[in-house]
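# A closer look at the structure
Residue strings, one per chain:
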Amino acid sequence: MSRPLLATAAALALACAAAGQTTAPATQVTDDRLAEIFSGEEPESAAELAAMQAHVQQLIKQVLPATVSLPGASGVLVQRDGAPFLLCAAHVTLEADKDIKIRMTNGRQLAGTSLGANHQSDVSLVRVDVDAEDAAKLPSVEIGKSADLVRGQWVLMLGHPSGRKKGRTAPARLGRVLRVPEEGYLVTDCTMQGGDSGGPLFDMQGRVVGINSRISGNLAMNMHAPVDALMSEWDELLEGKVTQSRRRRGRSRLGFGAPLKYGDGCPVFEDVAEESAAAKAGLKKGDRLFEIDGEEISSRRDVMRALRTFRAGDKVEIVVERDGKGLELEIELEQGGGR
Amino acid sequence: MSVRSLPAAALLAAIPFALPAQSIRNITQGSAIRDLWKPIVAEANRSVVEVCVNERAMVLGTVVGKDLVVTKMSELTLSSSKDNESVELSIDQGEETWPCVQIGVDRAADIALLRVTDAELTPVRWRQKEEPVPGSFLASVDGSDAPFGVGILAAASYVHTVPRAFLGIRFANPNGGTAEIEDTVEHGAAEAAGILGGDVVVKFGEAEIGDTDSLRAAIRACTPGDKVSVTLKRGEETVTVEVVLGTNTSPMRSDQESVWGELSDVRSGFQRVLQHDTVLKPEDCGGPIVDLTGAVVGVNVARAGRIETLALPAADVRALVAKLLKGAAREGDGER
């Protein structure tokens, strides 16, 4: 299952903060070979690993000042039309016109006000309340295009797992793109955990391309809202528009679009209608459901748990047994689909 | 993705052929990258051992002297060690096995120092330069050709807050009065030890307990992971139980566990730590982490979160070993 990434329980204050430099212009990857590697070609020597390392070290230094913490969550500072804003996740800020406490890497605290949020894409915008002179001094990062992401390219993620910790700068995670937004959602293997929510995902030039959103039981399943979802709605978010998630109506009824029969052990797909999502995913009548997203399944409760924070339209990996063999399939979840 | 939970062996064999190319799995730690690390980690691989309790491999260890190994102390506890059975420690490296004895422990760091009998081991080559900066590439090794995990340093070393020990109870008389237990915290230390609501604590370790305050003070004097003998009045009976004290964070919520995987039992209170983004299993701790020059920058000490992997920095491990050796010398040849 997937779950949002707020620091849990006694939500620890988390903040990130910036060390006082202003703009962070995109760091060009000038070396052609390095550019090839960062866009997905495998490195071939220890020297190439060292070149990658040097770039990543530099990149973290560049983006750390603009990566901030909110209580139990994370965010990143950007500038637009001369004004500072914080990009964040909808499940962090929740609604408009709330006071948001922002903490920079250098310890400085900023006051912010939440603007709009889109709970479907899980993006939100926060206005940073500082005077114009101060605003120009705030660190910020450039905004990239998530539509340009390709599978396999390298990315860097920052956030505050478990919330901000004294003396610890926002831990960086290096990873690669496993799913691009057109495939339903942006997934990387930058491992996240509660507290990383709202934190930035960067390309290797240091441009924000995603906002940390959700995880699942599979450690490689780290979902980010694509930054394009935020930028395409900028004006609405600026006006404080809050779009609710459609899933409120019946998340518990999310399913595979094919009825499951429960008994002892694994449930069995009783019937798989032609043209259904289940049929398109390759499921057949009689398949026994072993695993959903890495979680073993033996009861209806297990299915509900595993699907808890997925949404309609998400693709989830399942393992079924057919004729004594295991098959891994990917299936798109449906609202109200049989289970 | 996980295939290990499938019950039938035949099924396990069948799965890899069926895995679709787009399967969600970590590729950053993929074999192409790990293969490049092979020559770099070859040297450190000579200095990593498996530490065994009664011939069962429990955790990794790092060779810090010709006959000295450090490892993660709390992983050496056998789950069945309640009955005071004799504990034989040994280390394995490749095909060879040597007996060893524990000559010192540091509870806060959760490190045990072992002296190996009749061995000529190869100590690690520590990184001499300043500590690595965030973004530095790191590999965790276990003696196999390729590292079992690769990642980056996530943050510069920082001081991990020192945790308090928790018994995992609610007091019946929190504002003073007899040290009666109202009830136990779910998944807490007291519950695990079989302490019940209504029990009255009369002795905690060596301390006689007369009231709630004296019990609080006795718990405060302990460190998470300490094993304490607790005597209770249960109705007319007197009962003594062994409690392994926890931290307030240790009762992991089951829903969290299901998305995080297994964490180290002892995962806080280490003083200074290096945090990196390699996903380890608790039993993968105790071994060295290596930088791109092959030097050892620290010893993995805990999986503290879904992605909070902690290591003790090289300088701190060396200082700790020196301190423990001094202590062992003072006690004669202090075996435990």
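### As for the interface of chain B and chain A
Listed per partner, the contact involves 50 residues of chain B and 68 residues of chain A. Summing both partners gives a buried area of about 4900 Å² for chain B against chain A, and 61% of it is carried by carbon and sulfur. Taken together, the links from chain B to chain A amount to two salt bridges. Ionic pairing is found between Glu308 of chain B and Arg168 of chain A, a salt bridge with its closest N-O pair at 2.8 Å. There are 18 residue pairs in polar contact (both at pLDDT 80 or more) connecting chain B and chain A. Where the side of chain B that touches chain A is concerned, the elements lending two or more residues are helix 1 (9-18), helix 2 (31-45), strand 8 (149-160) and helix 5 (254-260) of chain B. With seven residues, strand 8 of chain B is the largest single contributor of residues to the side of chain B that touches chain A. Tallied by class, residues from the side of chain B that touches chain A come to 30 nonpolar, 13 polar and seven charged.

### Concerning the sheet that holds strand 12 (residues 207-208) of chain B
All names here are of chain B. Reading across from one edge, 12-11-13-14 is the order of the four strands in this open sheet, with antiparallel pairing throughout. Edge strands, defined here as strands with exactly one partner in the open sheet, are strand 12 and strand 14 (237-244). Judged from the eight bridges that link them, strand 13 (residues 227-234) and strand 14 form a sheet pairing that is antiparallel. Paired with Val230 across the strands is Val241, a residue of strand 14.

### Remarks on the environment of Ala217 of chain B
Residues and elements named next belong to chain B. Note that Ala217 resides in helix 4 (residues 212-220). Note on Ala217: relative accessible area 39%, which makes it partly exposed. Sequence separation of Ala217 and Ala207 is 10 residues, and the distance between their C-alpha atoms is 9.7 Å.

### Digging into the pattern of salt bridges
Applying the stated criterion across every chain yields a total of 27 salt bridges over all chains. With a shortest N-O distance of 3.4 Å, Arg176 of chain A and Glu42 of chain A are connected by a salt bridge. Highlighted residues: Arg176 of chain A in strand 11 (residues 172-179) and Glu42 of chain A in the loop between helix 1 (32-38) and helix 2 (46-63), separated in sequence by 134 residues. Across the pair Arg272 of chain B and Glu131 of chain B runs a salt bridge whose closest N-O atoms are separated by 2.5 Å. Linking Arg272 of chain B in strand 15 (residues 271-276) with Glu131 of chain B in the loop between strand 6 (111-116) and strand 7 (137-140), this pair joins segments that are 141 residues apart in sequence.

### As for the environment of Ile33 of chain B
Considering the arrangement of structural elements, one finds Ile33 of chain B in helix 2. Of the residues examined, Ile33 of chain B reaches a relative accessible area of 6% and is grouped as buried. The sequence separation of Ile33 of chain B and Ala146 of chain B amounts to 113 residues, and the corresponding C-alpha distance is 9.4 Å. Apart from residues lying up to four places away in sequence, Ile33 of chain B is in contact with Glu42, Pro43, Leu49 and Trp154 of chain A together with Thr28 and Val150 of chain B.

### Looking at the sheet that holds strand 16 (residues 288-290) of chain B
Pairing in this closed barrel of six strands is antiparallel, and the strands run 7-8-15-18-17-16 (chain B) around the ring. Across the sheet, the mean angle from the axis of one strand to that of its neighbour is 45°, orientation sign disregarded. By the bridge criterion, four bridges tie strand 7 of chain B to strand 8 of chain B in an arrangement that is antiparallel. Note on strand 8 of chain B: the bridge partner recorded for Ser140 of chain B is Gly149 of chain B. Running at roughly 115° to strand 7 of chain B, helix 2 of chain A makes contact with strand 7 and strand 8 of chain B of the sheet.

### Considerations on empty space enclosed by the protein
Going through the model one piece at a time under the given rule, you end up with two cavities of 30 Å³ or more. The volume enclosed by the largest cavity comes to roughly 160 Å³. As for the largest cavity, its lining consists of 16 residues, of which Leu174 of chain A together with Thr28, Val150, Gly151 and Ile152 of chain B are closest to the centre. Taken together, the elements giving at least two residues each to the lining of the largest cavity come down to strand 11 of chain A together with helix 2 and strand 8 of chain B.

Reading the values: the criteria
- Residues numbered from 1 in each chain as written.
- Chains lettered and ligands numbered in written order.
- Predicted model: local features only at pLDDT ≥ 70, side-chain atom pairs only at ≥ 80, totals over all residues.
- Heavy atoms only, no water.
- Contact = heavy atoms within 4.5 Å.
- Buried area = accessible area lost by both parts, 1.4 Å probe.
- Salt bridge = Lys/Arg side-chain N within 4 Å of Asp/Glu carboxyl O.
- Polar contact = N/O pair within 3.5 Å; in protein donor to acceptor, adjacent residues only side chain to side chain.
- Helix = DSSP H or I, 4+ residues; strand = E, 2+ residues; numbered from the N terminus.
- Nonpolar A, V, L, I, M, F, W, Y, C, P; charged D, E, K, R; others polar.
- Pairing = 2+ DSSP bridges.
- Buried < 20%, exposed > 50% of the residue type's maximum accessible area, 1.4 Å probe, protein only.
- Axes fitted to C-alpha atoms, helices over the stretch in contact; angles between N-to-C directions.
- 1 Å grid on protein atoms, 1.4 Å probe; cavity = no way out; pocket = protein on both sides within 12 Å on 5 of 7 lines; lining within 4 Å.
- Points joined across faces, edges and corners; volume = space filled by probe spheres on them.

The quantities given are spatial measurements derived from coordinates; they are silent on function.
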